[in-house]
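Summary of the model geometry
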Amino acid sequence: MEETKSGEDIVAQPTQNSDQAVRVVFGAARRISIAAEARRLGVTKALVLSTPQQSGAALEIAELLGSLAVGVFCKAEMHTPVHVTEDAMTHVAETQADCLIAIGGGSTTGLGKAIAFRTNLPQIVIPTTYAGSECTPILGQTENGVKTTLSDPSILPEVILYDSELVMTLPVPMTVTSALNAMAHAAEALYGTNRTGGTTAMAIQGLESFIEGLPKVLTTPSDLDAREATQRGAWACGTVLGQVGMALHHKLCHTLGGSFNLPHAETHAIVLPHAIAYNARAAARELQPICDLLGGDNAGTALHDFAKQMNAPTALRDLGLQESDLDRAADLATTKPYPNPRPVTRVDIRALLQAAWAGDAPIQ
Ligand code: NAD
């Protein structure tokens, strides 16, 4: 992966041993070049996707595309419900779209990926959060309340256009939780069983971008250079998410999001210090880069302090989780656990969840 200056384009190999190349573009106002990006792909009938909340942004992209746009579908939802994808598929058929343009966070990207998986249409993603879904060939979708995840080369977007002006509108609380969501991918990539020297370097680069950029963004949300730094962090963190198997933290968040409907980024932000503290001794050497970047000798405690400085939420109870849900959450999170540096036991995970629910400091 190459380092680039703002506005330069790069071609990245997103997966280990992959010959698929993704075009990645950074820079303020780069969305203006969306028609040129579509032409570069050789497409002429783009369907623009967003959530209802971001329909204004989707309409702007359609306007910029002019005759290259054949429709706008603004019904993306969190966790990619299959009924929404099926609704969108009728628009794909009616418009005979030959390209998908997703503008939004992980929910909109998820809808584009779900359509691409069914149609093999090329995708341009314009991310407006730091979730990092645009960098992975992974699709999670929900049907009848059950979320399943699959991976396929057709799911990986062809072009990612990071326009720093678009994250400028991300409200400050969501900027913080989305950044911690991204940092969670990198933190777990440090000890993932199939990590490589390259993925570790990239994970550290992603963490560093957020640790340096996020305080600046909070002080001056309109600082476009700092916003671009955080987007570069999101790209690095999302890329390692696509390359390295995730562990306890992601299992906990998938459980809490999938079975208790907790919001994605906020849940990641709250759980991260607890999950990393759980693994801090068993993977002390692997997690040392976090201590190097943040100080201290326990990566979980260091992340807890950082999250508090950023005014991140700290208690799962504030997201609506009931204390009476914790037993079932512990049961679910310890059934078929992901590979993890420290053995996952029900009693220890129940204690971790109690601390995360109450907003206590992580158990060391
Ligand atoms: P989101 O996409 O659900 O966005 C949350 C809300 O914020 C939405 O209403 C959205 O319209 C709004 N929003 C987004 N950007 C905004 C901006 N710049 N300004 C104002 N409002 C904005 O949230 P998310 O955290 O980006 O994505 C969560 C989803 O992504 C989950 O379903 C998760 O499972 C998925 N995800 C998938 C992967 C993967 O690799 N498959 C990776 C990460 C996340």
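Residues numbered from 1 in each chain as written. Predicted model: local features only at pLDDT ≥ 70, side-chain atom pairs only at ≥ 80, totals over all residues. Heavy atoms only, no water.

The number of helices and strands found in the protein is 14 helices and 9 strands. Here the protein has a C-alpha radius of gyration of 20 Å; the compact-globule value for 364 residues is 21 Å, and the two agree. Expressed as lengths along the three principal axes of its C-alpha atoms, the size of the protein is roughly 60 × 45 × 40 Å. The proportion of buried residues among the 364 residues of the protein is 55%. The contacts in the protein between residues at least 6 apart in sequence include a share of 72% that link residues at least 24 apart. Per element, the accessible surface of the protein, about 14,300 Å² overall, is 51% carbon and sulfur. Side-chain charges of the protein comprise 25 positive and 37 negative groups, with the mean position of each set lying 3 Å from the other. (Helix = DSSP H or I, 4+ residues; strand = E, 2+ residues; numbered from the N terminus. Rg over C-alpha atoms; globule rule 2.2 N^0.38 Å. Buried < 20%, exposed > 50% of the residue type's maximum accessible area, 1.4 Å probe, protein only. Contact = heavy atoms within 4.5 Å. Areas by Shrake-Rupley, 256 points an atom, 1.4 Å probe, with all protein chains shown as cover. Lys, Arg positive; Asp, Glu negative; His and termini not counted. Charge placed at Lys NZ, Arg CZ, Asp CG, Glu CD.)

What follows covers the side chain of Ser 154. Along the chain, the position of Ser 154 falls in the loop between β8 (146-151) and β9 (159-162). Among the polar contacts listed, one links the side chain of Ser 154 to the side chain of Asp 152, at a separation of 2.6 Å. (Polar contact = N/O pair within 3.5 Å; in protein donor to acceptor, adjacent residues only side chain to side chain.)

With that settled, consider the nonpolar core. Grouped together as the largest cluster of nonpolar side chains are 49 residues, with contacts concentrated most on Leu 180 and Met 183. In terms of residue count, helix α6 (residues 172-189) provides more of this core than any other element does, 9 residues in total. Ignoring sequence-local partners within four residues, the contact set of Leu 180 consists of Ala 269, Leu 272, Phe 306, Ala 307 and Ala 312. (Core = buried A, V, L, I, M, F, W, Y, C linked by side-chain atoms within 4.5 Å.)

Take the site of the ligand next. Inspection of the region around the ligand gives 22 residues, with Thr 51, Ser 107, Thr 128, Thr 129 and Thr 136 positioned closest. The backbone of His 79 places a nitrogen or oxygen atom 3.0 Å from an oxygen atom of the ligand. Contact with the protein chains covers 84% of the free accessible surface of the ligand, which is 860 Å². Tallying contributions element by element places helix α4 (residues 106-119) first for the shell around the ligand, with 3 residues. Looking at the shell around the ligand residue by residue, the classes come out as 7 nonpolar, 13 polar and 2 charged. When residues of the shell around the ligand are assigned to domains, at least three fall in each of domain 1 (3-168) and domain 2 (172-358). (Near = heavy atom within 4 Å. Nonpolar A, V, L, I, M, F, W, Y, C, P; charged D, E, K, R; others polar. Domains from an automatic or database assignment.)

Here we take up the confidence of the model for the protein. Per-residue pLDDT for the protein has a mean of 94; in total, 95% of the residues score no lower than 70. Confidence drops under a pLDDT of 50 for residues 1-8, and excluding neighbours within four residues, the segment shows 25 contacts in the predicted structure. (pLDDT = per-residue confidence, 0-100.)

Before going further, it helps to spend a moment on the environment of Val 72. Secondary-structure assignment places Val 72 in strand β4 (residues 69-73). Distance from Val 72 to Phe 260, taken between C-alpha atoms, is 31 Å for residues 188 residues apart in sequence. Residues within four places of Val 72 in sequence aside, it is in contact with Leu 47, Val 48, Ala 58, Leu 59 and Ala 62.

An α-helical turn contains 3.6 residues, so a residue and the one three or four places further along point in the same direction. Restricting attention to buried positions, one finds in helix α1 (residues 34-41) the residues Ile 34, Ala 35, Glu 37 and Ala 38. In a view along the axis of α1, the buried residues occupy a sector of 160°, so they form one face of it. For α1, the exposed residues lying more than 90 degrees away from the buried face are Arg 39 and Arg 40. Looking at the buried positions of α1, the neighbouring elements they touch are β2 (22-26), α2 (55-65), β5 (99-104), β6 (123-127) and β9. Just past α1, the residue Gly 42 takes up positive phi, approximately 80°. (Arc of directions from axis to C-beta.)

Moving on: the pairing of strand β7 (residues 138-143). For β7 and β8, the ladder comprises 6 bridges, and the chain directions are antiparallel. Bridging across to β8, Gln 141 finds its partner in Thr 148. The hairpin formed by β7 and β8 contains 2 residues between the paired strands, and Asn 144 there has a positive phi angle of roughly 50°. (Pairing = 2+ DSSP bridges.)

Moving on, we get to the domain arrangement of the protein. Each domain of the protein was delimited in the assignment, giving domain 1 (3-168) and domain 2 (172-358). Its C-alpha centre places domain 1 at a distance of 25 Å from the equivalent point of domain 2. Residue-level contacts link 33 residues of domain 1 with 33 residues of domain 2. Approximately 2,500 Å² of surface area, both sides summed, lies buried where domain 1 meets domain 2, with 59% of it carried by carbon and sulfur atoms. Scanning the region where domain 1 abuts domain 2 turns up 0 salt bridges. The tally of links between domain 1 and domain 2 comes to 7 residue pairs in polar contact (both at pLDDT 80 or more). For the side of domain 1 that touches domain 2, the secondary structure elements donating two or more residues are β1 (9-12), β2, β9 and α5 (164-167). Take the side of domain 1 that touches domain 2: its biggest share by element is 3 residues, from α5. Per-class residue counts for the side of domain 1 that touches domain 2 are 17 nonpolar, 12 polar and 4 charged. (Buried area = accessible area lost by both parts, 1.4 Å probe. Salt bridge = Lys/Arg side-chain N within 4 Å of Asp/Glu carboxyl O.)

The full count for this structure, using the stated rule, is 12 salt bridges. The partner of Arg 232 in a salt bridge is Glu 228, with the nearest N and O atoms 3.0 Å apart. Remark: Glu 228 and Arg 232 occur in helix α8 (residues 224-243); sequence separation between them is 4 residues, near one turn of the helix. The partner of Asp 348 in a salt bridge is Arg 342, and the shortest N-O contact between them spans 3.2 Å. Assessed through its relative accessible area of 29%, Asp 348 is described here as partly exposed. Arg 342 sits in the partly exposed class, given a relative accessible area of 28%. Members of the salt-bridge network, linked through shared partners, are Arg 31, Glu 60, Asp 163 and Glu 165.

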